[in-house]
Amino acid sequence: GAGVSQSPSNKVTEKGKDVELRCDPISGHTALYWYRQSLGQGLEFLIYFQGNSAPDKSGLPSDRFSAERTGGSVSTLTIQRTQQEDSAVYLCASSSEVGLGNTEAFFGQGTRLTVV
Amino acid sequence: KNQVEQSPQSLIILEGKNCTLQCNYTVSPFSNLRWYKQDTGRGPVSLTIMTFSENTKSNGRYTATLDADTKQSSLHITASQLSDSASYICVVKGQAGTALIFGKGTTLSVSS
């Protein structure tokens, strides 16, 4: 596609339920990032995929959070047993990151997750 | 610890005025520094990207500067417009293969 696509755009879920958020990066981009942004806060790094390397999971806040990137393209962020503090906008970005990585990172519009 | 600090946290200016936003970082090694604009409810959009060898880069009314020795960057907005009201985020990339590190942003409000 022309840009990074995220789905759903909005998700309301009950506390304790599992949710899956999807990110379709720009075709050919080797790097994919997940961030989350709570209301009025800055972006919080969650996880980073780069090519075939092991992902950098250092930002995942708990073991309830996991992410996969299948075939080096689409990524799914899964939150198990959701809590109210998980409510936030989850943003995905992709980049071609050739060499030093001096390339643009493009963001999707985000998924607004509300846990009630 | 690799960090990106921005100041001020928020800023209110009158339409037509200029302003400068600051970014200090401790990321090392350093590949590049980016400034993003994030409108409310939207994903961040890139304004500039600078490598360690670049001192300044402009994008219309936006001019970014970088001092890699002092690890400081600034974003100068000239002749502000109402549409400049947004969050401006400083982002630093360390060595290749590492994730982007985001500052918390400066919220700019331009009023008429």
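Here, every reference points to the structure presented above.
Residues numbered from 1 in each chain as written. Chains lettered and ligands numbered in written order. Predicted model: local features only at pLDDT ≥ 70, side-chain atom pairs only at ≥ 80, totals over all residues. Heavy atoms only, no water.

Student: Just to check I follow, could you spell out the interface of chain A and chain B for this structure?
Tutor: Interface extent is often summarised as the accessible area lost during association of the parts. Taken together, the contact pairs 20 residues of chain A with 21 residues of chain B. Here chain A packs against chain B, burying approximately 1,600 Å² in sum over the two surfaces, 52% of which is carbon and sulfur. Counting across the chain A and chain B interface gives zero salt bridges. If you look at where chain A meets chain B, you find four residue pairs in polar contact (both at pLDDT 80 or more). Those elements that place two or more of their residues in the side of chain A that touches chain B are strand 4 (31-37), strand 5 (43-50) and strand 9 (105-107) of chain A. Of the residues contributing to the side of chain A that touches chain B, the split by class is nine nonpolar, eight polar and three charged. (Contact = heavy atoms within 4.5 Å. Buried area = accessible area lost by both parts, 1.4 Å probe. Salt bridge = Lys/Arg side-chain N within 4 Å of Asp/Glu carboxyl O. Polar contact = N/O pair within 3.5 Å; in protein donor to acceptor, adjacent residues only side chain to side chain. Helix = DSSP H or I, 4+ residues; strand = E, 2+ residues; numbered from the N terminus. Nonpolar A, V, L, I, M, F, W, Y, C, P; charged D, E, K, R; others polar.)

Student: Would you take a moment to explain the packing of aromatic side chains for this structure?
Tutor: Each aromatic ring pair is specified by the distance between its two centres and by the angle formed by the two planes. Applying the stated criterion to the full structure yields 10 aromatic pairs over all chains. Centre to centre, the rings of Tyr-62 of chain B and Tyr-88 of chain B are 6.1 Å apart; their planes meet at 45°, and the pair counts as tilted. With a gap of 26 residues between them, Tyr-62 of chain B in strand 7 (residues 62-67) and Tyr-88 of chain B in strand 9 (residues 86-93) connect regions that are remote in the sequence. Here the aromatic cluster, defined as three or more aromatic residues joined through ring pairs, consists of Tyr-33, Tyr-35, Phe-45, Tyr-48 and Phe-107 of chain A together with Tyr-36 and Phe-102 of chain B. Sitting above the plane of the Tyr-62 of chain B ring, Arg-61 of chain B keeps its charged end 5.7 Å from the centroid. (Phe/Tyr/Trp six-rings, centres within 6.5 Å; stacked < 30°, edge-to-face > 60°. Lys NZ or Arg CZ within 6 Å of the ring centre and 35° of its normal.)

Student: Whenever I open this one, the state of the cysteines confuses me. Can you help?
Tutor: Inspection of every chain in the model, using the stated rule, returns two disulfides over all chains. One disulfide in the model links Cys-23 of chain A with Cys-92 of chain A; its S-S distance is 1.9 Å. In this structure, the disulfide formed by Cys-23 of chain A and Cys-92 of chain A twists by about -65° around the S-S bond and is classed as left-handed. Of the two residues, Cys-23 of chain A is situated in strand 3 (residues 19-24) and Cys-92 of chain A in strand 8 (residues 88-95); the sequence distance between them amounts to 69 residues. Per residue, the accessibility class of Cys-23 of chain A equals that of Cys-92 of chain A, and both read buried. Note on cysteine connectivity: Cys-23 of chain B is disulfide-linked to Cys-90 of chain B, with sulfurs 2.0 Å apart. (Disulfide = S-S within 2.5 Å. Buried < 20%, exposed > 50% of the residue type's maximum accessible area, 1.4 Å probe, protein only.)

Student: Looking at this model, I keep getting lost on unusual backbone geometry. Mind explaining?
Tutor: For the bond running from Ser-7 of chain A to Pro-8 of chain A, omega is -10°, close enough to zero to count as cis. Secondary-structure assignment places Pro-8 of chain A in the loop between strand 1 (5-7) and strand 2 (10-13). Here Ser-28 of chain B and Pro-29 of chain B are connected by a cis peptide whose omega angle stands at -5°. Within the fold, Pro-29 of chain B resides in the loop between strand 3 (19-25) and strand 4 (32-38). Positive phi, close to 60°, is recorded for Lys-71 of chain B, a residue that is not glycine. Topologically, Lys-71 of chain B is positioned in the loop between strand 7 and strand 8 (72-77). We note that Ala-79 of chain B has phi near 50°; this positive angle belongs to a residue other than glycine.

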